[in-house]
Amino acid sequence: MGLTRQYLRYGPAALFGLVGSAKGNAAFLALRGERGRYVAVPACEHVFVWDTRKGEKVVILKGLKHEVSCLCPSPDGLHLAVGYEDGSIRVFSLLSGEVNITFNGHKAAVTAMQYDHLGGRLVSGSKDTDIIVWDVINESGLYRLRGHKDAVTQVLFLKEKNLLVTSGKDTLVKWWDLDTQHCFKTLVGHRTEVWGMALISEEKRLVTGSADSELRVWDITYIQEVKDPDEPESKKSKGSSPGAQENTEEDETLELDEHPEERLVKCSKVGSIMREGRDRVVTLARDRTGKFLACHGTGAVLEVFSILSEEEIRKKLEKKMKRAKKKAKQNSEVEPEKSVELSLQEEIQRLTNIRASSKIKSFDLFLSPKGELKIVLLLQNNIIESYNLNLSAQVPQAVRASKITIGGHRSDVRTLAFSSDNIAILSAAAESVKVWNRATLQCIRTMDCEYALCSLFVPGDRQVIVGTKTGKLQLYDLASGSLTETLNAHDGAVWSIALSPDQRGFVTGGADKCVKFWEFELVKDESSTQKRLSLKHVRVLQLDEDVLCVRYSPNQKLLAVSLLDCTVKVFYVDTLKFFLSLYGHKLPVLCMDISYDGTLIATGSADRNVKIWGLDFGDCHRSLFAHDDSVMYLQFVAKSHLFFTAGKDSKIKQWDADKFEHIQTLEGHHKEVWCLALSPNGDYVVSASHDKSLRLWERTREPLVLEEEREMEREAEYEESVAKEEQPVVAGETQGETGLAGKKTIETIKAAERIMEAIELYREEMAKLKEHKAICKAAGKEVPFPVNPILRAYGNITPSAYVLEVFKKVKSSELEESLLVLPFSYVPDLLRLFNEYIHLGSEIELLCRALLFLLKIHFGQITGNHMLVTVIENLKKTTISRVSEARDVLGFNMAGLQYLKREIEAKDEVTFFADATDRFEEKRRKRKKKEKMILAVV
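Each value, and the rule that gives it
Residues numbered from 1 in each chain as written. Predicted model: local features only at pLDDT ≥ 70, side-chain atom pairs only at ≥ 80, totals over all residues. Heavy atoms only, no water. Helix = DSSP H or I, 4+ residues; strand = E, 2+ residues; numbered from the N terminus. Buried < 20%, exposed > 50% of the residue type's maximum accessible area, 1.4 Å probe, protein only. Contact = heavy atoms within 4.5 Å. Areas by Shrake-Rupley, 256 points an atom, 1.4 Å probe, with all protein chains shown as cover. Lys, Arg positive; Asp, Glu negative; His and termini not counted. Charge placed at Lys NZ, Arg CZ, Asp CG, Glu CD. Polar contact = N/O pair within 3.5 Å; in protein donor to acceptor, adjacent residues only side chain to side chain. Patch = residues over 30% accessible without salt bridge, like charges linked within 9 Å, V, L, I, M, F, W, Y side chains within 5 Å. Salt bridge = Lys/Arg side-chain N within 4 Å of Asp/Glu carboxyl O. Pairing = 2+ DSSP bridges. Axes fitted to C-alpha atoms, helices over the stretch in contact; angles between N-to-C directions. Expected span 1.5 Å × (residues − 1). Core = buried A, V, L, I, M, F, W, Y, C linked by side-chain atoms within 4.5 Å. Parallel < 35°, antiparallel > 145°, perpendicular 65-115°, else oblique. Phe/Tyr/Trp six-rings, centres within 6.5 Å; stacked < 30°, edge-to-face > 60°. Lys NZ or Arg CZ within 6 Å of the ring centre and 35° of its normal. pLDDT = per-residue confidence, 0-100. Left-handed = near helix turned anticlockwise from the far one by under 90°. Nonpolar A, V, L, I, M, F, W, Y, C, P; charged D, E, K, R; others polar.

Looking at the overall build of the protein chain
If you tally the helices and strands in the protein chain, you get 14 helices and 57 strands. Burial statistics for the protein chain: of 938 residues in total, 50% are counted as buried. Within the protein chain, contacts between residues separated by at least 24 positions form 50% of all contacts whose residues are at least 6 apart in sequence. Accessible area for the protein chain stands at about 46,800 Å²; split by element, carbon and sulfur atoms hold 53% of it. Positive and negative side-chain charges of the protein chain, numbering 131 and 135 respectively, have mean locations separated by a distance of 5 Å.

Things to note about the side chain of S595
With respect to the helices and strands, the residue S595 is situated in the loop between strand 46 (589-594) and strand 47 (600-605). Residue classification places S595 among the buried positions, given a relative accessible area of 0%. Among the polar contacts listed, one links the side chain of S595 to the side chain of D597, at a separation of 2.7 Å. Ignoring anything within four residues of it in the chain, the contact list for S595 reads P554, L600, F636 and H641.

Some thoughts on unusual backbone geometry
Phi is positive for T171, close to 70 degrees, though the residue is something other than glycine. Classification of T171 as partly exposed rests on a relative accessible area of 21%. Look at S201: it is not a glycine, yet its phi comes out positive at around 50 degrees. Inspection of the secondary structure assignment puts S201 in the loop between strand 18 (196-200) and strand 19 (205-209).

Some remarks on a negative patch on the surface
The grouping of E753, E757, E760 and E764 at the surface amounts to a negative patch. Relative to the helices and strands, E760 resides in helix 7 (residues 746-779).

Side note on a nonpolar patch on the surface
Taken together, the side chains of L897, Y899, L900 and I904 make up a nonpolar region of the molecular surface, amounting to roughly 430 Å² of accessible area. By the element assignment, Y899 lies in helix 14 (residues 869-937). Using a relative accessible area of 46% as the deciding quantity, one classes Y899 as partly exposed.

Let's talk about the sheet that holds strand 21 (residues 265-274)
The four strands lie next to each other as 18-19-20-21, forming an open sheet whose pairing is antiparallel. What marks the edges here is a single partner per strand, and that holds for strand 18 and strand 21. Mean inter-strand twist for the sheet, computed between neighbouring axes without regard to direction, equals 25 degrees. Pairing geometry for strand 20 (residues 214-222) and strand 21, over nine bridges, is antiparallel. When the bridges of strand 21 are listed, R216 appears paired with S272.

Focus: the side chain of D128
By the secondary structure assignment, D128 is in the loop between strand 11 (121-126) and strand 12 (131-135). The side chain of D128 sits in the buried core without any salt bridge; R144 is the nearest counter-charge, 4.5 Å away. Within the local environment of D128, its side chain forms a polar contact with the backbone nitrogen of K107, the two atoms lying 2.8 Å apart. Within polar-contact distance, the side chain of D128 engages the backbone nitrogen of D130 at 3.0 Å. Setting aside residues up to four positions removed in sequence, D128 forms contacts with H106, K107 and A108.

Things to note about helix 7
With 34 residues, helix 7 ought to run about 50 Å at 1.5 Å a step, and its terminal C-alpha atoms sit 49 Å apart, in line with that. One or two steps after helix 7, the chain reaches G780, where phi turns positive at roughly 75 degrees.

With respect to the nonpolar core
In terms of nonpolar packing, the biggest core is built from 36 residues, with F807, L819, L830, L831 and F834 touching the most fellow members. Those elements that place two or more of their residues in this core are helix 7, helix 9 (799-809), helix 10 (815-821), helix 11 (827-840), helix 12 (844-857) and helix 14. Among all residues touching L830, those that are not within four sequence positions of it are I759, F807, L819, L822 and L854.

Points about the packing of helix 7 against helix 9
At a minimum axis distance of 9 Å, the contact between helix 7 and helix 9 shows a crossing angle of 175 degrees. As far as their axial angle goes, helix 9 and helix 7 are roughly antiparallel. Of helix 9, the residues touching helix 7 (which contributes R754, I755, A758, I759, L761, Y762, E765 and M766) are P799, S800, Y802, V803, V806 and F807.

Observations concerning the packing of aromatic side chains
Within this structure, the stated rule accounts for 12 aromatic pairs. Both rings, one in Y10 and one in F644, keep their centres 4.9 Å apart while their planes meet at 90 degrees; by these two values the pair is edge-to-face. With Y10 in strand 1 (residues 7-16) and F644 in strand 51 (residues 642-647), this residue pair connects regions lying 634 residues apart in the sequence. Take Y10: its relative accessible area is 3%, and that puts it in the buried class. On the accessibility criterion, F644 (0% relative accessible area) is buried. Geometrically, the ring pair formed by Y572 and F579 is tilted, given 5.1 Å between the ring centres and 45 degrees between the ring planes. Judged by its relative accessible area of 26%, F579 falls in the partly exposed class. Members of the aromatic cluster, connected to one another through ring pairs, are F506, W518 and F520. Over the aromatic face of Y222 sits the side chain of K161, whose NZ or CZ is 4.3 Å from the ring centroid. Note that R280 overlies the ring of W195, its terminal NZ or CZ placed 3.7 Å from the centroid.

Side note on a positive patch on the surface
Residues K315, K316, K319, K322 and R323 make up a contiguous surface patch of positive charge. Mapped onto the fold, K316 is located in helix 4 (residues 310-331).

Overview of the confidence of the model for the protein chain
The predicted model of the protein chain has a mean per-residue pLDDT of 86, with 93% of residues at 70 or higher. Here residues 225-262 is a poorly scored stretch, pLDDT under 50, and it has 52 contacts once near neighbours within four places are set aside; other chains count.

So, the environment of K65
Turning to its location among the elements, K65 is positioned in the loop between strand 5 (56-61) and strand 6 (68-73). Note on K65: relative accessible area 44%, which makes it partly exposed. The contacts of K65, once residues within four sequence positions are left out, are E45, H670 and E720.

Brief notes about helix 9
Turning to helix 9, its buried residues are P799, S800, Y802, V803, L804, V806 and F807. Summarising the contacts, the buried residues of helix 9 are in contact with helix 7, helix 8 (789-793), helix 10, helix 11 and helix 12.

A word on the sheet that holds strand 23 (residues 292-296)
Pairing is antiparallel across the open sheet formed by four strands, whose spatial order is 22-23-24-25. Two strands lie at the open edges of the sheet, namely strand 22 (283-286) and strand 25 (348-355), each paired on one side alone. The average angle at which neighbouring strand axes cross in this sheet is 20 degrees, direction not considered. Pairing of strand 24 (residues 301-307) with strand 25 involves seven bridges; the strand directions are antiparallel. Residue pairing for strand 25: L302 is matched across the bridge by I354.

Notes on the packing of helix 12 against helix 14
For the pair helix 12 and helix 14, interaxial distance at closest approach is 11 Å and the crossing angle is 140 degrees. The pairing of helix 12 with helix 14 is recorded here as oblique in orientation. Both helix 12 and helix 14 take part in a crossing whose hand is left-handed. Counted together, I844, C848, L851 and L855 of helix 12 and I872, L875, T879, R882 and V883 of helix 14 form the full contact between these two elements. Residue classes in the contact of helix 12 with helix 14 are distributed as seven nonpolar, one polar and one charged.

Here we look at the environment of W518
Along the chain, W518 falls in strand 40 (residues 514-524). Owing to a relative accessible area of 6%, W518 belongs among the buried residues under this scheme. Linking W518 and V631, residues 113 residues apart in sequence, is a C-alpha distance of 28 Å. Not counting residues up to four positions away in its chain, the partners in contact with W518 are L473, L487, A489, G505, F506, T508, L535, K536, H537 and V538.

Considerations on the environment of K639
In this structure, K639 sits in the loop between strand 50 (631-636) and strand 51. Along the backbone, K639 and L890 are 251 residues apart, and their C-alpha atoms lie at a distance of 70 Å.

Quick word on the pairing of strand 44 (residues 568-572)
Most of strand 44 is tucked away: four of the five residues are buried. Of the pairings in the sheet, the one linking strand 43 (residues 558-563) to strand 44 comprises five bridges and is antiparallel in character. Bridge pairing in strand 44 links L559 to F571. Here strand 43 hands over to strand 44 after four residues, with C566 in that stretch at a positive phi of 75 degrees.

Quick look at the structure:
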């Protein structure tokens, strides 16, 4: 088959114009040995790490195609767990920036994540209401916990006990015992969604934030601790102000336990702290030390609270007691009998309020070793702000340390333009115009403007013109970055602007039903001797409807105007006489373009269709269903009949106007695409979206075959449908509280297929070997045995060793799901092979894990199969002995490491004292020398 028409593929080149997406959360990272300086923020599908001191992007952790929804740094500071909208979790190494582990388990966006204090386990909560505990070291899922009826909002590990606390939008706070994997307690004291949770006072208190202005505080008492009569802190935990107790009646927690004696934890409401905000809590969190608590609502104010430690509480109580005694003495000589208690408001004190420049989306706190509280805020309008709070001051005031804004616009970019030399990109939004260098993606100029709707570079690329929502034309000089002229062009919004092909002027269309023609002219500048560029209004074309888009034909003979009545009218430029009317769209035409040779005009409409017309007679060549929502922008590639469209369905598509074919889809944006611009040479496309990002796409040298492209699209559709498949429902079985952590994905299916292929190869090879032995016996001599090319590629290994190799290559996180897909006919062979491997003592941990899982899922069939009885018996003997051997080796290694640790510590102490002695001697020598010098002078 010869290639009839060759197209070149456009591929993603870069994402810029984005500081941070408001979807996920900001988090401080320990990078390059520093804490409290670097902050990670989600940026669409990537994660950007910013240096707050310099305002520079330091690291980009590249994602695949789904948006980032949650970030969680590991306790050792070396890794960052990133949760995505599709439910996957990827753990990045911050040293290399590479992905170490991928977990697939959730079916919807990951909403909350937390590591345990050692960093060995990671728990994640999702919009699919499930909670999954992952083993980070073994890179696999441990189990899934089901119980919430709505999205999970927060998950917290308890350090002391093996417990987990989770909150959800279903108004419940659940306590899970991870040893038995069940929910043993549910707090139902909230009337609305629980949006945030934090553990304070060394995990003896729980603070929850919901949709009202009170933060509820709960006392946590472990049952074993209550039984201990010598425990001094039990008194403290009951202390709360009478004022705070008033709400307790209405919010009384209903204990959902049938057997109160079996409870592990007692959780009772102490009282409430009132927030100043009246709206719902968006984020509630504490810093790592647990000394500070902060929260914010849907507004721009962050409220910071200080939590007193037990030591400080004791001191305060003593002071209070003294005061009470003094008072009692003054009033009468009788000692006060009543005990003194601290109110909740005194234990959790309001420090300060921080007002940000816009709505806060998330924050993170870090207490620096100098005793300064560092706060980073990710704002809704593409800004990161960092504040320092000096705690030693009498009244702590937050000082803004830095603000990262240069990398993007505050609002959506509504217009883009390319300079004639393909180097500069202009983007304009509601508050500013920015000029970017295409090669470095750095912002070169930022100029304030009104709400921009359309723009162009003046020929020569030294000035730009912006049309605004208020009907003004603003002319900017790029060299000085200043606004040189503002003209009141239209009475309504300037919807469209088009440069004339002779480059002497341009035309604008507005909501005042006018098309106006303008020319460039040089006028004398009053302030200087030089002339400056100005705009001169030449003539006007009055129409019956609002003008949405205007375009010149390349020979400057025709002008196409799209109107609000869903038609496109074509006029002669010289006489302004009517030539053609193109009608057929059901909704207004929002964008259009004329091809380089003036033969075709393509129109994109809010009715989701693109129509291609001939410009000679106004005949409609073809109507294409282009996007799943309005077509927002359309532009032809220079010197061709190919064009690009951008839609509100977040896709950009390339089309062939001669063959009426869809060539390729550029997927990357996560929200509506407002506009795009093609470079004059057609090598680059830049697009702007509601997700605040600008994306650059580059024409590669890779040819694109349409059949292959369609095939790839079908494969992608199939892969997505596999992940969405429901697990088979077994009649009579109810879903338990726990389940498998993984989910069926295309990777697990492929892994199962690889295992099946390996077992089939093993069967074939064993049969061949049997035949070969029979042939050798018959011939009475050794006949050469043909080795399978696959086994030869692996270095002439045995068929059974090849099966083990394939097994080892299955990702740890996908092992269980792959075995679940594996048909039972392969299991007997696998068990026999496992027996062989374990006997040899290879890969004990991996094989035991797979073996136990297979026994669990195929228990009935394995026990009912008489052929497998001996295999299972043999496995029992070998496995037990090998596992105990492995355990002994581990124990020995642990003991050896602990011995080395003690040795090193002892050695360090000796050197420490030796160093101290040397320093003391040095000081003494210096002092004597100084004394001698003074005596000499005297």
